[in-house]
Amino acid sequence: MAVSASSETISRDTRFRSKRRTNAEGQTSGGVPYGRGALYHLLRNRLYIGEIVHGSNCYPGQHEPIVSRELWDQVAARLAANNQARRQGNSASTPSLLSGIVFDPWRVRFTPTHAVKNGKRYRYYTSQAAIQHCDKQPELARIPAQDLETLILSQIAELLTSPERCAAGLDGPEKEIAAARAAHLAKRWPELETSEQHDFLRKIVRRVVIGSATVWIDIDRRKLLETLLDHEPEFQPVGKQHIIKLSAKFQSLHRGRQIHLVVPNGPAPAATPVPSLINAVARAYRWYEQIMAGEVQTIRDLAQGAGVTTAYVTRILQLAFLSPKILDIVLSGKQRPDLVLANLLKLPVDWPTQNHMVSRG
């Protein structure tokens, strides 16, 4: 097993191709350049080091290894490092996963765009109606790319938990194999490399339609079965059988000009500390400590020292009396996506009511 070449190099080299297969009807499949997900699967196959895998456990095999443990560990470390970099968004040229397949209900396409603020790159899908300044524009004209992509990936993961739905239309051994592989993939989904999840999405998602509070996803049934079986299925879907329709409700929450998509009763959004909230809380505690230490005598002294108005100091000082629970939420970035400074400044003094109001969202 030659693993000295990088997966990126192999995936771009058309000399490396998957095995070509011919089914009973004489139709051929495979023989195409390897995708990144397939390469990751090969490079993580423990058969090459003389082991077999059953469920989540590994056992010594009866066959001889063809790759040394040292080389295997080096490759595994490189794959883990690369995946961690992608998860943290270290690539400045992150491709838009849903490019070309996102539309509004009027069939107007959403185009990948981005903005840079304070050196950080933010990706979006923006309606062509908004880009071209058309009179009729969707309610959501610009959607955070990561929020939408995460939502689509979560719906795919949920589909895989219904193996019978994934394998519908097949008969005999193919149906059992497709259902079993869907169930296995659903179990492994949280541990998959990001690139593997993305490759799977690109193969099976045909179209995404985004409304004001609902997203509709068209899954290509044939591509799904082909991916699960690793060959073209004998089943030939026709008409509406060709598409699996998925849909999900979401809420669009606003923080200033930013929009975040949140799925009701879905997984919590990734923790995202908001510098403006953290800075305001830190300033409130610093001023409060100055008062308690006798370093200043009046609110006016604080205001003059900070170059702000007394009214501003009075408002911000309220944040020194936030409950420990809310402090933890703000400092860890686990607040609601639409929580802004004005919300915190309107909270009452007693902690139980504060916690209830913030948790209620």
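In the block above lies the structure referred to throughout.
Computed from a prediction, not measured in an experiment: that's the story for all the values here. (Residues numbered from 1 in each chain as written. Predicted model: local features only at pLDDT ≥ 70, side-chain atom pairs only at ≥ 80, totals over all residues. Heavy atoms only, no water.)

**Student:** Describe the sheet that holds strand E6 (residues 110-117), naming the residues involved and giving the relevant values.
**Tutor:** Pairing is antiparallel across the open sheet formed by three strands, whose spatial order is E6-E7-E8. Edge positions in the sheet fall to E6 and strand E8 (142-144), since each of these pairs with one other strand and no more. Going from strand to strand, the sheet's axes swing by 35° on average, the running direction of each strand aside. Bridge analysis of E6 against strand E7 (residues 120-127) gives eight bridges, and the strand direction is antiparallel. Note that in E7 the partner of Ala115 across the bridge is Tyr122. Sitting on the sheet, helix H5 (residues 145-160) touches E7 and E8, and the angle it makes with E7 is about 70°. (Pairing = 2+ DSSP bridges. Helix = DSSP H or I, 4+ residues; strand = E, 2+ residues; numbered from the N terminus. Axes fitted to C-alpha atoms, helices over the stretch in contact; angles between N-to-C directions. Contact = heavy atoms within 4.5 Å.)

**Student:** How would you summarise a nonpolar patch on the surface if you had to cite specific residues and measurements?
**Tutor:** Together, Tyr288, Ile291, Met292 and Phe321 make up a nonpolar patch on the protein surface, roughly 370 Å² of accessible area in all. Tracing the backbone through its elements, the reader meets Met292 in helix H10 (residues 275-292). Residue classification places Met292 among the exposed residues on the basis of a relative accessible area of 57%. (Patch = residues over 30% accessible without salt bridge, like charges linked within 9 Å, V, L, I, M, F, W, Y side chains within 5 Å. Areas by Shrake-Rupley, 256 points an atom, 1.4 Å probe, with all protein chains shown as cover. Salt bridge = Lys/Arg side-chain N within 4 Å of Asp/Glu carboxyl O. Buried < 20%, exposed > 50% of the residue type's maximum accessible area, 1.4 Å probe, protein only.)

**Student:** Would you mind going over the sheet that holds strand E11 (residues 243-249) in detail, with residue names and values included?
**Tutor:** Strand pairing in a sheet takes place through backbone hydrogen bonds and is either antiparallel or parallel in direction. An order of E5-E9-E10-E11 is seen for the four strands of this open sheet, with the pairing classed as mixed. On the outer flanks of this sheet lie strand E5 (102-103) and E11, each paired with one strand and no other. Two elements, strand E9 (residues 205-210) and strand E10 (residues 214-220), share five bridges in a ladder whose sense is antiparallel. Residue Val209 lies in a different strand from E10, and its bridge partner there is Trp216.

**Student:** Now, about the environment of Leu185: what can you tell me, with residues and values included?
**Tutor:** Along the chain, Leu185 falls in helix H7 (residues 172-188). Residue classification places Leu185 among the buried positions, given a relative accessible area of 13%. For the pair Leu185 and Ala157, spaced 28 residues apart in the sequence, the C-alpha separation amounts to 8.5 Å. Discounting residues that sit within four places of it in the chain, Leu185 has contacts with Leu160, Leu192, Phe200 and Leu228.

**Student:** Talk me through the environment of Ala320; I want residue IDs and the actual numbers.
**Tutor:** With respect to the helices, strands and loops of the structure, Ala320 is situated in the loop between helix H12 (310-317) and helix H13 (324-332). Since its relative accessible area comes to 10%, Ala320 is described here as buried. Separated by 33 residues in the primary sequence, Ala320 and Trp287 place their C-alpha atoms 8.7 Å from one another. With residues near it in sequence (within four places) discarded, Ala320 still touches Ala284, Tyr285 and Tyr288.

**Student:** Run through H10, naming residues and quoting values.
**Tutor:** Compared with the 26 Å implied by 1.5 Å per residue over 18 residues, the 26 Å span of H10 between its first and last C-alpha is a close match. On its buried side, H10 packs onto helix H11 (299-306), H12, H13 and helix H14 (341-345). Looking one or two residues past H10, Gly294 carries a phi angle of roughly 75°, positive in sign. (Expected span 1.5 Å × (residues − 1).)

That is the geometry; function is a separate question.
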